[in-house]
Amino acid sequence: MGKIVTVTLNPAIDKTVTLPRLEPGCVNRIHQVRTDPGGKGINVARALHQWGADVTATGFNGGWTGKWLESYLQQEGITHHLVPLPGDTRMNWKLMETETDRVTDINEPGFRVTEKALILLEIQLSEVLEGAKAVVFAGSLPDGVSEDVYQRLIDLAQKKQVPVFVDTEGVPFQKCMEQAPFAVKPNMDEVSKWMGFKIEKEEDIRRAGHCLLDKGVKVAVISMGEQGAWFFMKEQQFRTVPVSIHHAHPVGAGDAMVAGLLYGMSSGWNWKKTARFATAAGTVAASYPGTQFGSLEEVEAVAPQVQLIE
Ligand SMILES: Nc1ncnc2c1ncn2[C@@H]1O[C@H](COP(=O)(O)OP(=O)(O)OP(=O)(O)O)[C@@H](O)[C@H]1O
Ligand SMILES: O=P(O)(O)OC[C@@]1(O)O[C@H](CO)[C@@H](O)[C@@H]1O
């Protein structure tokens with residue numbers, strides 16, 4: 001299958017708290033709390049590792065929260081090379097309201113990255129990318145790095161002919177697009193920001209998909225939560241419809257989908273099989289509280305139930 005590399009410049013610890021209803025301006029009492037490692041690339045690595053893939057997690061890490069994250073990766077046996085920083089890895093809060101099933105994300109900005117640490121990351125990444133089957137750049141940027149930092153790192157991977165997957169948003173996403181990555185997976189909000197208008201209708205989604213392909217992307221996946229995802233490749237386009245679940249916990253579903261795409265691609269599957277698997281991976285992740293991904297057997301059991309519409 002070959003090694004897959006993930007890059008998380010802004011990892012996190014996810015605190016998922018459950019309460020009946022969020023009352024702004026009042027004392028809110030939490031009913032349940034769980035702590036998971038987080039950050040989009042870290043999540044992709046966790047899912048791939050759980051499915052038995054060869055994955056290496058890279059990025060930055062720091063402070064006491066960073067120690068917690070590192071010991072988690074160590075314990076799980078996930079190969080990692082995280083450049084240490086003086087600040088703390090951020091803590092992101094996911095508020096789940098049981099009365100409405102509403103989820104609110106409150107994400108910290110993250111630590112400050114020094115130029116020295118960035119150079120160290122480039123050196124490490126350059127070594128780790130040797131012989132890699134694919135690399136994914138995922139998540140927001142921490143303080144101290146310029147908005148074109150992903151471009152700099154993507155360039156490293158492209159010079160080594162390693163296919164690049166991107167999952168980020170806003171200006172960093174725009175900048176990544178200038179490098180024509182191999183694959184991108186924006187959700188509806190993210191692709192709307194890139195297109196400059198709110199995308200809702202199918203014809204707008206198709207237009208966005210074609211715009212992404214026109215920029216040189218080979219695989220553009222636009223995810224739509226419980227409504228599934230659109231897959232755009234030059235020679236074929238289709239939509240997947242996931243199985244429905246009660247009480248979704250959507251945090252990390254997109255990361256599971258990216259992991260599914262990487263898993264399918266590096267297993268040499270065709271795009272339809274890969275799309276079913278990736279869609280199912282998102283659904284399985286959404287069926288678990290916090291950021292959890294489910295086993296390979298679970299995803300494989302759900303994949304055949306994913307509908308494909310051409
Ligand atoms: N409620 C749900 N029911 C079934 N499948 C879901 C649900 N939510 C997500 N999924 C699956 O996961 C995929 C990715 O979800 P989504 O579009 O929410 O990603 P995202 O916005 O990038 O998520 P995040 O940033 O929280 O990881 C969907 O295309 C779908 O296959
Ligand atoms: O602030 P970013 O980097 O955009 O997103 C970070 C994050 O919300 O994404 C993951 C879910 O996709 C979580 O584990 C994490 O907290």
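Residues numbered from 1 in each chain as written. Chains lettered and ligands numbered in written order. Predicted model: local features only at pLDDT ≥ 70, side-chain atom pairs only at ≥ 80, totals over all residues. Heavy atoms only, no water.

Chemist: Just to check I follow, could you spell out the overall build of the protein for this structure?
Modeler: Of the regular secondary structure elements, the protein holds 10 helices and 14 strands. Relative to its length of 310 residues, the protein is compact, with a C-alpha radius of gyration of 18 Å against a globular reference of 19 Å. Counting all 310 residues of the protein, 55% fall into the buried class. Summing over all exposed atoms, the protein offers an accessible surface of approximately 13,700 Å²; the carbon and sulfur share of this is 49%. The averaged location of the 37 negative side-chain charges in the protein is 2 Å from the averaged location of its 31 positive side-chain charges. (Helix = DSSP H or I, 4+ residues; strand = E, 2+ residues; numbered from the N terminus. Rg over C-alpha atoms; globule rule 2.2 N^0.38 Å. Buried < 20%, exposed > 50% of the residue type's maximum accessible area, 1.4 Å probe, protein only. Areas by Shrake-Rupley, 256 points an atom, 1.4 Å probe, with all protein chains shown as cover. Lys, Arg positive; Asp, Glu negative; His and termini not counted. Charge placed at Lys NZ, Arg CZ, Asp CG, Glu CD.)

Chemist: Please clarify how the sheet that holds strand 6 (residues 90–97) should be interpreted in this entry.
Modeler: Hydrogen bonding along the main chain pairs the strands of a sheet, whether they run parallel or antiparallel. Strand order in the open sheet made by the four strands is 3-2-6-7, with mixed pairing throughout. The open sheet is flanked by strand 3 (32–38) and strand 7 (102–106), the only strands paired with a single partner. The mean angle between the axes of side-by-side strands here comes to 20°, regardless of whether they run parallel or antiparallel. Pairing between strand 6 and strand 7: five bridges, direction antiparallel. When the bridges of strand 7 are listed, Met96 appears paired with Val103. Where helix 2 (residues 63–76) meets the sheet, its contacts fall on strand 2 (12–19), strand 3 and strand 6, and the angle it forms with strand 3 comes to roughly 75°. (Pairing = 2+ DSSP bridges. Axes fitted to C-alpha atoms, helices over the stretch in contact; angles between N-to-C directions. Contact = heavy atoms within 4.5 Å.)

Chemist: Help me out: how do you make sense of a nonpolar patch on the surface in this one?
Modeler: Residues Ile119, Leu120 and Ile123 make up a contiguous nonpolar surface patch of roughly 260 Å² in combined accessible area. Mapped onto the secondary structure, Leu120 falls in helix 3 (residues 115–128). Overall, the relative accessible area of 43% leaves Leu120 in the partly exposed class. (Patch = residues over 30% accessible without salt bridge, like charges linked within 9 Å, V, L, I, M, F, W, Y side chains within 5 Å. Salt bridge = Lys/Arg side-chain N within 4 Å of Asp/Glu carboxyl O.)

Chemist: What exactly am I supposed to notice about the site of ligand 2 here?
Modeler: For ligand 2, the set of nearby residues contains 16 residues, the closest of which are Asp14, Asn92, Lys94, Ser140 and Asp255. At a separation of 2.9 Å, an oxygen atom of ligand 2 approaches a polar side-chain atom of Asn43. In the model, an oxygen atom of ligand 2 is placed 2.9 Å from a nitrogen or oxygen of the Asn92 side chain. When the free accessible area of ligand 2 is taken as 400 Å², the share hidden by the protein chains comes to 91%. Only helix 1 (40–50) and strand 6 provide two or more residues apiece to the shell around ligand 2. (Near = heavy atom within 4 Å. Polar contact = N/O pair within 3.5 Å; in protein donor to acceptor, adjacent residues only side chain to side chain.)

Chemist: It is not clear to me how the nonpolar core should be interpreted in this structure. Could you clarify?
Modeler: Across soluble globular proteins, nonpolar side chains show a tendency to be buried alongside one another. Formed by 49 residues in total, the largest nonpolar core has its most connected members in Leu48, Trp51, Phe165, Phe231 and Leu262. Setting aside residues up to four positions removed in sequence, Trp51 forms contacts with Ala256, Ala259, Gly260, Tyr263, Phe277, Ala281, Phe293, Gly294, Ser295, Leu296 and Val299. In this structure, Val113, Leu118, Val135 and Val149 belong to the second largest nonpolar core, which totals 47 residues. (Core = buried A, V, L, I, M, F, W, Y, C linked by side-chain atoms within 4.5 Å.)

Chemist: I tried to follow the site of ligand 1 on my own but got confused; where do I start?
Modeler: Taken together, 24 residues surround ligand 1, and among them Asn187, Ser223, Gly225, Gly228 and Gly254 come closest. Within the side chain of Asn187, one N or O atom sits 2.8 Å away from an oxygen atom of ligand 1. Burial of ligand 1 by the protein chains amounts to 88% of its free accessible area of 630 Å².

Chemist: Looking at this model, I keep getting lost on the UniProt feature "domain: Carbohydrate kinase PfkB" (unreviewed entry) in the protein. Mind explaining?
Modeler: UniProt annotation of "domain: Carbohydrate kinase PfkB" (unreviewed entry) refers to residues 9–294 when read in the numbering used here. The span residues 9–294 shows a helical share of 38% and a strand share of 24%, and its end C-alpha atoms are spaced 25 Å apart. (UniProt positions renumbered as here; feature names shortened; annotations may be inferred.)

Chemist: For this particular structure, what's the right way to read the packing of aromatic side chains?
Modeler: The description of two aromatic rings rests on the distance between their centres and on the angle between their planes. A full pass over the atoms with the stated rule returns 11 aromatic pairs. Their ring planes at 80° and their centres at 5.2 Å tell us that Trp51 and Phe277 sit as a pair that is edge-to-face. A residue pair is termed long-range when its members are at least 10 positions apart, and Trp51 in the loop between helix 1 and strand 4 (55–62) and Phe277 in helix 9 (residues 271–286) qualify at 226 residues. In terms of burial, Trp51 and Phe277 fall into one category: buried. Plain terms: the ring middles of Phe165 and Phe182 are 5.8 Å apart, the flat faces sit at 40° to each other, and that makes the pair tilted. Of this pair, Phe165 sits in strand 9 (residues 164–167) while Phe182 sits in the loop between helix 5 (170–177) and strand 10 (183–184), and the two are 17 residues apart along the sequence. Relative accessible area serves as the criterion here: at 3%, Phe165 is assigned to the buried category. Look at Phe182 and you get partly exposed, because its relative accessible area is 23%. Ring pairing ties together the aromatic residues Trp51, Tyr263, Trp269 and Phe277, which thus form one cluster. One Lys or Arg, Lys273, reaches over the ring of Trp269 and ends 4.4 Å from the middle of that ring. (Phe/Tyr/Trp six-rings, centres within 6.5 Å; stacked < 30°, edge-to-face > 60°. Lys NZ or Arg CZ within 6 Å of the ring centre and 35° of its normal.)

Chemist: Would you explain unusual backbone geometry in this entry?
Modeler: Both trends apply: most residues other than glycine have a negative phi, and most peptide bonds are in trans. A positive phi is found at Asp101, a non-glycine position, where the angle reads about 65°. Topologically, Asp101 is positioned in the loop between strand 6 and strand 7. Taking relative accessible area as the criterion, Asp101 reaches 37% and is therefore assigned partly exposed. We note that Gln161 has phi near 60°; this positive angle belongs to a residue other than glycine. Here Gln161 is to be found in the loop between helix 4 (149–159) and strand 9.

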